[in-house]
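# Structural description and commentary
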Amino acid sequence: MRSEQELIRLAQAGDSDAFCLLAEAYERRIYSLTLYFCRDRQNAEDLSQEVWLKAYSAVASFRFESSFYTWLRKIAI
């Protein structure tokens, strides 16, 4: 089992499988966050997908200055 930091570094190097593992670890929390804000399940699913697309394209910019969830949360909000 790889650590979160290792998965992030692999994702930053272009490993999409590593990013998928990170997404699996946080998908419920991100969905819950988006559902809290929009109060509609379908919209929350759509917003969650947008968060993951943005996170995937920006993962190289993650600087380990906060937790990965905090970074994802900022993207979601």
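Figured I'd write up the structure that's included with this text. (Residues numbered from 1 in each chain as written. Predicted model: local features only at pLDDT ≥ 70, side-chain atom pairs only at ≥ 80, totals over all residues. Heavy atoms only, no water.)

### Considering helix α2 (residues 16-38)
Taking 1.5 Å per residue as the helical rise, α2 with its 23 residues ought to reach 33 Å, whereas the 29 Å between its terminal C-alpha atoms falls clearly short. At Tyr-26, α2 is bent by approximately 55 degrees, the largest bend along its length. Among all positions in α2, only Ala-18, Phe-19, Leu-22, Ala-23, Tyr-26, Ile-30, Leu-33 and Thr-34 are buried. Contacts made by the buried residues of α2 are with α1 (4-12), α3 (41-58) and α4 (68-76). For α2, the side-chain oxygen to backbone nitrogen distance between the N-cap and Asp-17 is 2.9 Å, and the N-cap itself is Asp-15. Taken from the residues just after α2, Arg-39 is the one with a positive phi, measuring 60 degrees. (Helix = DSSP H or I, 4+ residues; strand = E, 2+ residues; numbered from the N terminus. Expected span 1.5 Å × (residues − 1). Bend = angle between axes of the 7 residues up to and from the residue. Buried < 20%, exposed > 50% of the residue type's maximum accessible area, 1.4 Å probe, protein only. Contact = heavy atoms within 4.5 Å. Polar contact = N/O pair within 3.5 Å; in protein donor to acceptor, adjacent residues only side chain to side chain.)

### Digging into a negative patch on the surface
Side chains of Asp-40, Glu-45, Asp-46 and Glu-50 sit close together on the surface and give a patch of like negative charge. By the secondary structure assignment, Asp-40 is in the loop between α2 and α3. Taking relative accessible area as the criterion, Asp-40 reaches 32% and is therefore assigned partly exposed. (Patch = residues over 30% accessible without salt bridge, like charges linked within 9 Å, V, L, I, M, F, W, Y side chains within 5 Å. Areas by Shrake-Rupley, 256 points an atom, 1.4 Å probe, with all protein chains shown as cover. Salt bridge = Lys/Arg side-chain N within 4 Å of Asp/Glu carboxyl O. Lys, Arg positive; Asp, Glu negative; His and termini not counted. Charge placed at Lys NZ, Arg CZ, Asp CG, Glu CD.)

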